[in-house]
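Summary of the model geometry
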Amino acid sequence: MKLKSLLTALLLLGYIYNGYSQMIATTLPDSITYWENNNKLGLDISEIAFVNWSVGGNNSVTILGKGEFSRNYSKGNLNWDNELLLKYGLNSQEGQVLRKTDDQIKFTSTFGYRKDTISHWYYSAKFNFNTQFSNGYAYPNTEDEISGPFSPAYIFLGVGSEYIRKDLGLNVYLSPLTNKTTLVLNHALADQGAFGVDPAIYDEEGNLLRKGKTSRTEIGILITNSFKRQIFKNIMLDHRISFYTDYINKFGNIDVDWQFQLDMTVNEYVRANIGLHIIYDDDIKATEEVGDEVVQVGPKIQLKQMLGLGLTYTF
């Protein structure tokens with residue numbers, strides 16, 4: 001009799017516990033999220049030192065800090081991608097002042113809507129902002145800056161169509177109507193007409209009649225393409241290119257911005273990278289040193305090559 005009562009009590013307790021567990025499970029908050037967040041911080045360091053080196057050379061240290069942050073939302077027919085890229089590099093070389101090697105603030109936000117969940121084509125609106133942290137100089141001259149924060153700053157805002165294949169890491173954006181605004185808030189650079197803004201106007205005696213404009217607005221066509229995917233084990237390819245031409249000012253004269261990078265993973269924290277950045281913009285005039293003077297010439301292809309080894313922290 002006691003055994004029967006004990007078994008009955010155990011069964012009753014098991015039933016109560018099972019019902020209580022189910023009640024707890026059904027009251028847990030929904031953990032489904034439609035946001036994908038990625039954060040990456042990196043620090044690349046390169047150093048060269050010479051001691052009694054017969055062919056000569058200068059000791060130098062280069063440091064480059066990087067940050068990549070993305071917040072992407074995807075649910076049904078909606079897609080909203082946001083990305084912030086930060087870079088800043090310095091070089092210290094024996095016998096020279098501290099020099100800047102890299103400087104970038106770039107934010108991109110793209111909102112897209114598609115008719116159904118099968119199509120990879122979206123009706124999209126894109127916003128892009130690009131500037132830098134500090135002044136840039138034509139070294140060894142460190143008195144007269146040639147660029148600075150918001151000098152220039154580029155703002156793109158447009159509508160178009162976007163093809164997205166997240167499974168392939170592929171993105172193509174086509175916009176027949178994009179506003180490009182160039183800001184040059186440094187008045188000395190604006191008076192020079194830097195980066196395509198209207199320069200200051202002076203009379204024959206050199207008196208200022210009108211200050212240089214601090215902004216320039218264009219309407220044109222923007223095409224961008226990006227491809228980011230692991231192509232080999234521990235090797236990630238990151239390719240980004242954009243083409244822009246203005247309808248009114250020199251239509252068909254295309255501004256190009258192409259970045260190509262290979263990230264090679266050594267272990268969880270150590271990575272090596274090889275990169276290439278090419279820019280052509282008809283509004284950016286190159287300079288050359290003629291004799292003892294620096295003179296302004298026409299636009300030229302700008303090229304930057306990067307090779308780094310450093311630490312990366314992803315969270």
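Scroll up for the structure.
Just so we're clear, the structure is a prediction, and the values are computed from it rather than from any experiment.

Here we take up the overall build of the protein. The helix and strand tally for the protein stands at two helices and 18 strands. Residue burial in the protein is summarised as follows: out of 315 residues, 31% are buried. Excluding contacts between residues fewer than 6 apart, the proportion of contacts in the protein whose partners are at least 24 apart in sequence is 52%. Here the protein has roughly 20,100 Å² of accessible surface; of this, 62% comes from carbon and sulfur atoms.

Note on placement: Gln 261 falls in strand E14 (residues 255-265). By relative accessible area, which is 15% here, Gln 261 ends up buried. Taking the C-alpha atoms as reference, Gln 261 lies 9.6 Å from Leu 307; in sequence the two are 46 residues apart. Apart from residues lying up to four places away in sequence, Gln 261 is in contact with Lys 87, Met 236, Leu 237, Asp 238, Asn 273, Ile 274 and Gly 275. In terms of polar contacts, Gln 261 uses its side chain to reach the side chain of Asp 263, at 2.8 Å.

Attention shifts here to a nonpolar patch on the surface. On the surface, Trp 35, Leu 78, Trp 80, Phe 111, Tyr 113 and Tyr 123 cluster together into a nonpolar patch covering about 600 Å² of accessible area. Residue assignment for the nonpolar patch shows that the elements contributing at least two residues are strand E3 (78-93) and strand E4 (99-113). Following the sequence through the fold, Tyr 123 ends up in strand E5 (residues 121-131).

Another point: the pattern of salt bridges. Taken as a whole and assessed by the stated rule, the structure comprises 13 salt bridges. Note that Lys 213 is salt-bridged to Asp 198, the shortest N-O span being 3.9 Å. Note that Lys 213 is positioned in the loop between strand E11 (208-210) and strand E12 (215-232) and Asp 198 in the loop between helix H2 (187-192) and strand E10 (201-202), a separation of 15 residues in sequence. Taking the relative accessible area as the measure of exposure, Lys 213 reaches 41% and is therefore partly exposed. Here Asp 282 and Lys 250 are joined by a salt bridge, their closest N and O atoms 3.1 Å apart. Here Asp 282, found in the loop between strand E15 (270-280) and strand E16 (287-290), pairs with Lys 250, found in the loop between strand E13 (235-246) and E14; they are 32 residues apart in sequence, far enough to count as distant. Bridged by salt links that share partners, the residues Glu 83, Asp 238 and Arg 240 form one connected network.

Reading the values: rules and limits
- Residues numbered from 1 in each chain as written.
- Predicted model: local features only at pLDDT ≥ 70, side-chain atom pairs only at ≥ 80, totals over all residues.
- Heavy atoms only, no water.
- Helix = DSSP H or I, 4+ residues; strand = E, 2+ residues; numbered from the N terminus.
- Buried < 20%, exposed > 50% of the residue type's maximum accessible area, 1.4 Å probe, protein only.
- Contact = heavy atoms within 4.5 Å.
- Areas by Shrake-Rupley, 256 points an atom, 1.4 Å probe, with all protein chains shown as cover.
- Polar contact = N/O pair within 3.5 Å; in protein donor to acceptor, adjacent residues only side chain to side chain.
- Patch = residues over 30% accessible without salt bridge, like charges linked within 9 Å, V, L, I, M, F, W, Y side chains within 5 Å.
- Salt bridge = Lys/Arg side-chain N within 4 Å of Asp/Glu carboxyl O.

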